[in-house]
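Fold and geometry: a report
Residues per chain are reported as follows:
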Amino acid sequence: MHPLAWFAWLGTASLVTLLTRNPLYIVLLFVIFILVMDVERASQRASTDGSGYDGAPSDRGLLLSPLRFALFAIPAGAVFNLLTSHMGETVFFRLPPAIPLIGGTLTAEALVYGAISGLVLVTLFTAFAVLNLALPVRDLIAYIPRAFYPVAIVSAIAVTFVPNTVRQFRQVREAQAIRGYKMHGWRDWLPLFLPVLVGGLERALQLAEAMTARGFGGGARTHLAPVARISLVAGLAGVLGAGVAQLTPTWASAAPAFLTVGALLMGVAIWHAGRGVKHTRYRRPVWHSVDTSVVVACGIAVVPFLIWVESRSYSPYPALAWPLFDLRLGGGLLGLMAPAFVRRFSEQSDDHI
Amino acid sequence: MITFDHVSFSYPEVTLPALHDVNLTLLESAFTLISGPSGAGKTTLLRCLNGLVPHFSGGVLAGQIRVGDLDPVALGPEVMCRHVGFVFQDPETQFVMDYVEDELAFALENAAMPRAEMRSRVSEVIDLLDLEALRYRSLATLSGGEKQRIAIAAALAFRPQILVLDEPTSQLDPRSAREVLEALERLNRELGLTVILAEHRLERVLPFADRLVYLPAAEAPVVHGVPDEVLGQIDLVPPVTALGKVLGWSPLPVTVAEGRRFCEAMPGETISGPDIVRQAPQVGLPALPTGAIPSQPKWQSPAGAPTQDRECSDDSGPTLVAEGLSVAYNGKPVLMDVSLALYPGQVTALLGRNGAGKSTLLKALVGLVPHQDGSVWLSGRETSGMAVADVCREVAYLPQDPNALLFAETVLDELHITLRNHGVMVAEVEPVPEALLESLGLVHKVTAYPRDLSVGERQRAALAAVLVTQPSTVLLDEPTRGLDYDAKDRLLALIHRWRVEQRAVLLVTHDVELVAEAADWVVILDGGGIAAEGSPVDLLGTPVFGDSQAANPFMPQMASLFPGTGWLTVADVLAGLRSSPVLSPPSPNPGGGES
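As the structure is a prediction and not an experimental result, all values here were calculated from the model. (Residues numbered from 1 in each chain as written. Chains lettered and ligands numbered in written order. Predicted model: local features only at pLDDT ≥ 70, side-chain atom pairs only at ≥ 80, totals over all residues.)

All names here are of chain B. With antiparallel pairing, four strands are arranged side by side in an open sheet as E13-E12-E15-E16. This sheet does not close on itself; its edge strands, each paired only once, are strand E13 (332-342) and strand E16 (381-382). When strand E15 (residues 373-378) meets E16, the two strands line up antiparallel, connected through two bridges. Note that in E16 the partner of tryptophan 377 across the bridge is glutamate 382. (Pairing = 2+ DSSP bridges. Helix = DSSP H or I, 4+ residues; strand = E, 2+ residues; numbered from the N terminus.)

Take a look at the structure:
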């Protein structure tokens, strides 16, 4: 699948997840993302045997299982909101108001809303995990504006560095276990944390040296051209002006205009700065009809959400209520399964070949 | 031509210079091997060639370096990368991308090369190093040797005239190392690429090198020239050269092939393989108490060697036993039905290719990796249900990377922490931590920060940290990785001491010379199962591997030189020759031609 089709999928997935607090839709989205991830993972396992050369599990995309994250994030979100948000009518009990932050009523509505927020977080995490699993590093950095190329490379290194760090953490944990080490309290993290930190810094230095030896950073621009600099300052002023205008009743109507002009000027600055970055791309991804179909499916998923606003919305405040489920919206969301169908379709085509 | 003219270099905040007044000329289109003890400045010397020193490292450089017409100090690595390709010790630390083809193109993309030119160059290096089968693979799925070949290909993408490699085979099994070195030799011979390579294991690289540079540890002058001349002037030499020195062979043999010509000139009965006794060397460590070494050496070779039985010096049973052990990751079998027994006073060596399952077996033995089938028994008790910490009180396990163990402020603290973890008082252990450090040659490093130590010292500090509870069994995973000959000798002496102390030792290594010196029993692991096991003489001493008639990749140099005699080390050969009815030094000119 073309990287841009994947980005369209991620954008749609994130948008629909953020547009609703209806737990039925969010659970449906979560299940869809898990299915897409599963198909993607199965496909990668089929091609690489799912493991490193030594038979140990390959870490990419599997750093933290979404289900495991859900076990932490949903209860944590629920408890945090229960303690800090004192809205709602179904009161469990009251803490003395003198207690900072958590003092006040603890309500069922706050608990439910917190759990739903945790579910949203988990669903977003899963969508990004799918992208991380599906796209090679080159595609993750290829579409970042040229002006940010060094930043993109650093991001790419972070993507490949994290699995190494996790692997190193595992090695250190094993190494400490063989010295009879057992976790008792927070101070016991030191034997794990210190070797990982020092080892990480050593590896970072080695990688930096290797990249320097391969010419990375040679001839990089260290300053912006005057045009880019002026555009950037003017753009920032425009965005800031929009904010100020919003606060001033007489200028409030002009705020969108300020914002648009500011954003455009910043875009010009980034484009101009990117011209100075010398960099070419080894691959040019080809757009296929399946990519178009994925984008169309994404449209089918998001458009009903934008049209039938009332159907998607749900809030436990001020009273708990069973969420509604609109089949039109739910059916549209199934469009986000398109990458899984595309993957299956392409594998079957390969089998026939 | 590359020249170093009175080059000295000191790293920032370090008083002792890493390079001191180096004068050196490296020839164009030659395959040059840089050797020398740890800390002699090999890595620094290599980094001078592409300007990493001083541009990346900082520090003070004096003298003049020329790489052809170029001055790497003036130009820096950004320019020199087009003329000097650089490959580091650990390929994994230099990869940026996650797929082979993307990694090969990475430097070219940074140089803003047109796409057509990039495609041409990537295809070129893939052809050069025969990587077509790996082209679209994920780097995570490659073996160590394959990764190193990818790193070499990536360094060649700019078509440099010089390729510099810093210990590129130190983490590879013999077969993978040979693949990498053969690829380098082909590049050198066919393209005229200048290859400059630093390596501790001379016996691996010397067959491919036509120049040798020896950097001494002290401020002595650098020795360089053709290998046999340089080897004649230094002490750290591979076994075949060491034998040649003792027997007065001239010119000194550098490779087994060269040594074999001298052997062919020896009378047949001289190398018929008489009974010999293999002695344990005691190098660089305090002497053992009188009488500690048994009057009768534990095993003899070949006539007295325990060929298939494993008779021990006493009647005690095995300390650690694995029975039908099977381990799988994600349903993929990594170990299959592996059975192994470690006896007190015996050194067992575990050999096999990268990825054969050796490290997994060690982890399974101490419980770090759960096994799906089979059982592990420690001193007669099954370990299932035992905590790793409890197993490791009796089993010292040194993982491949000793850095993972070290985190305390001082070396002595490392030992105290292990004792505290196990709930043992310092007064309860014998020897006390200070005495243990002394026995490991670390008495002067007791208060040192562990990560400031040399590779060999760090390894011994980590060993002390796992040995302080006086375990009955010692498991070592690749203990000679990155060690120079001196540090290796110290390790060898330690292993022999453990044997005398009646500890069971399991040694996982790619270093067949170490196995030849140290092991009583050899197990070869292949594809997760035991492919063969037997005495070192049986498994290392024959040119063919088992019944398969395949070439034996685990032969030490002496076994290759004297196949079928059971001689594995220089000491074996000398003992055998001395007891021979006919011992006449061979002709200094084995070819019999010109003198």
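That covers the picture; the talk isn't over yet.
Turning to helix H10 (residues 289-307) of chain A, a few remarks are in order. For an α-helix the count is 3.6 residues per turn, leaving residues at separations of three or four pointing the same way. With 19 residues, H10(A) extends 27 Å from end C-alpha to end C-alpha; this agrees with the ideal 27 Å at 1.5 Å per step. Along H10(A), the residues classified as buried are Asp291(A), Val294(A), Ala297(A), Cys298(A), Ala301(A), Val302(A), Pro304(A) and Phe305(A). (Expected span 1.5 Å × (residues − 1). Buried ≥ 20, exposed ≤ 12 C-beta atoms within 10 Å, placed from the backbone.)

Before going further, it helps to spend a moment on the sheet that holds strand E17 (residues 395-398) of chain B. Neighbouring strands of a sheet are bound in pairs by backbone hydrogen bonds; such pairs are parallel or else antiparallel. Residue and element names in this part refer to chain B. Spatial ordering of the open sheet is given by E17-E18-E19-E14-E20-E21, a layout of six strands whose pairing is mixed. A single partner strand is all that each edge strand has here, and the edge strands are E17 and strand E21 (529-534). Averaged over all neighbouring strand pairs, the angle between strand axes comes to 15 degrees, with direction disregarded. In the sheet, E17 pairs with strand E18 (residues 473-477) via four bridges, with the strands oriented parallel. Bridge assignment links tyrosine 397 to a residue of E18, and that residue is leucine 475. Packed on one face of the sheet, helix H13 (residues 358-366) meets strand E14 (347-351), E17, E18, strand E19 (504-508) and strand E20 (521-526) and runs near 150 degrees to E18. (Axes fitted to C-alpha atoms, helices over the stretch in contact; angles between N-to-C directions. Contact = placed C-beta atoms within 7 Å.)

Next up on the list: the environment of Ala257(B). Mapped onto the fold, Ala257(B) is located in helix H12 (residues 256-264). Here the alpha-carbon distance between Ala257(B) and Val240(B), two residues 17 residues apart in the chain, equals 9.7 Å.

Residue and element names in this part refer to chain B. Close contact between helix H15 (residues 411-421) and helix H17 (residues 455-467) brings their axes to 8 Å; oriented N to C, the two are set at 25 degrees. Comparing the axis directions of H15 and H17 gives the class roughly parallel. In this structure, H15 meets H17 at a crossing whose hand is right-handed. Contacts between H15 and H17 involve Val411, Glu414, Leu415 and Thr418 on the former and, on the latter, Ala461, Ala464, Ala465 and Val466. Class assignment for the residues of the contact of H15 with H17 results in six nonpolar, one polar and one charged. (Parallel < 35°, antiparallel > 145°, perpendicular 65-115°, else oblique. Left-handed = near helix turned anticlockwise from the far one by under 90°. Nonpolar A, V, L, I, M, F, W, Y, C, P; charged D, E, K, R; others polar.)

Residue and element names in this part refer to chain B. In terms of domain boundaries, chain B breaks down into domain 1 (2-237) and domain 2 (316-534). Its C-alpha centre places domain 1 at a distance of 33 Å from the equivalent point of domain 2. Counting residues at the interface gives 16 residues for domain 1 and 16 residues for domain 2. Only helix H7 (144-156) and helix H8 (174-191) provide two or more residues apiece to the side of domain 1 that touches domain 2. With three residues, H8 is the largest single contributor of residues to the side of domain 1 that touches domain 2. The residue inventory of the side of domain 1 that touches domain 2, partitioned by class, reads four nonpolar, nine polar and three charged. (Domains from an automatic or database assignment.)

Our focus in this paragraph is the interface of chain A and chain B. Accessible area lost upon the coming together of the parts is a frequently used measure of interface size. Listed as interface residues are 52 residues of chain A and, on the opposing side, 57 residues of chain B. Secondary-structure elements contributing two or more residues to the side of chain A that touches chain B are helix H5 (137-142), helix H6 (149-177) and helix H7 (190-213) of chain A. At 13 residues, H7(A) tops the list of elements feeding residues into the side of chain A that touches chain B. Of the residues assigned to the side of chain A that touches chain B, the class counts are 22 nonpolar, 18 polar and twelve charged.

Before going further, it helps to spend a moment on the packing of helix H1 (residues 3-19) of chain A against helix H4 (residues 108-134) of chain A. Residues and elements named next belong to chain A. For the pair H1 and H4, interaxial distance at closest approach is 10 Å and the crossing angle is 175 degrees. In terms of orientation, H1 lies roughly antiparallel with respect to H4. Only Val120, Thr123, Leu124, Ala127, Leu131 and Ala134 of H4 make contact with H1, whose side of the interface consists of Trp6, Leu10, Ala13, Ser14 and Thr17. The residue makeup of the contact of H1 with H4, split by class, is eight nonpolar, three polar and no charged.

Bringing the nonpolar core into the picture now. Core analysis: the biggest nonpolar cluster contains 205 residues, and Tyr397(B), Ala464(B), Leu475(B), Leu507(B), Val515(B), Val522(B) and Leu540(B) have the highest contact counts within it. Val522(B) has contacts with Ala349(B), Leu351(B), Val515(B), Glu533(B), Gly534(B), Pro536(B), Leu539(B) and Leu540(B), leaving out every residue within four places of it along the chain. With 46 residues, the next largest nonpolar core counts Val16(A), Phe33(A), Ala73(A) and Ala115(A) among its residues. (Core = buried A, V, L, I, M, F, W, Y, C linked by C-beta atoms within 7 Å.)

Residues and elements named next belong to chain B. Within helix H11 (residues 239-247), seven of the nine residues are buried, which leaves it mostly tucked inside the rest of the structure. For H11, every residue scored as buried is listed here: Pro239, Val240, Thr241, Ala242, Leu243, Gly244 and Leu247. Residues of H11 that are buried sit in contact with helix H9 (202-205), helix H10 (227-231), H12, helix H19 (512-518), helix H21 (557-561) and helix H22 (570-578). Backbone geometry just after H11 places glycine 248 at a positive phi near 75 degrees.

Let us now look at the confidence of the model for chain B. Predicted coordinates in regions of low pLDDT should not be interpreted in detail. All names here are of chain B. Summarising the model, chain B shows a mean pLDDT of 84, and 88% of its residues fall at 70 or more. Per-residue pLDDT stays below 50 along residues 274-308; that stretch engages in 73 contacts with residues further than four places along the chain or on separate chains. Of the regions scoring below 50 in pLDDT, residues 582-595 engages in 22 contacts with residues more than four places distant in sequence or in other chains. Under the prediction, the complex receives an ipTM of 0.77, its pTM being 0.76. (pLDDT = per-residue confidence, 0-100.)

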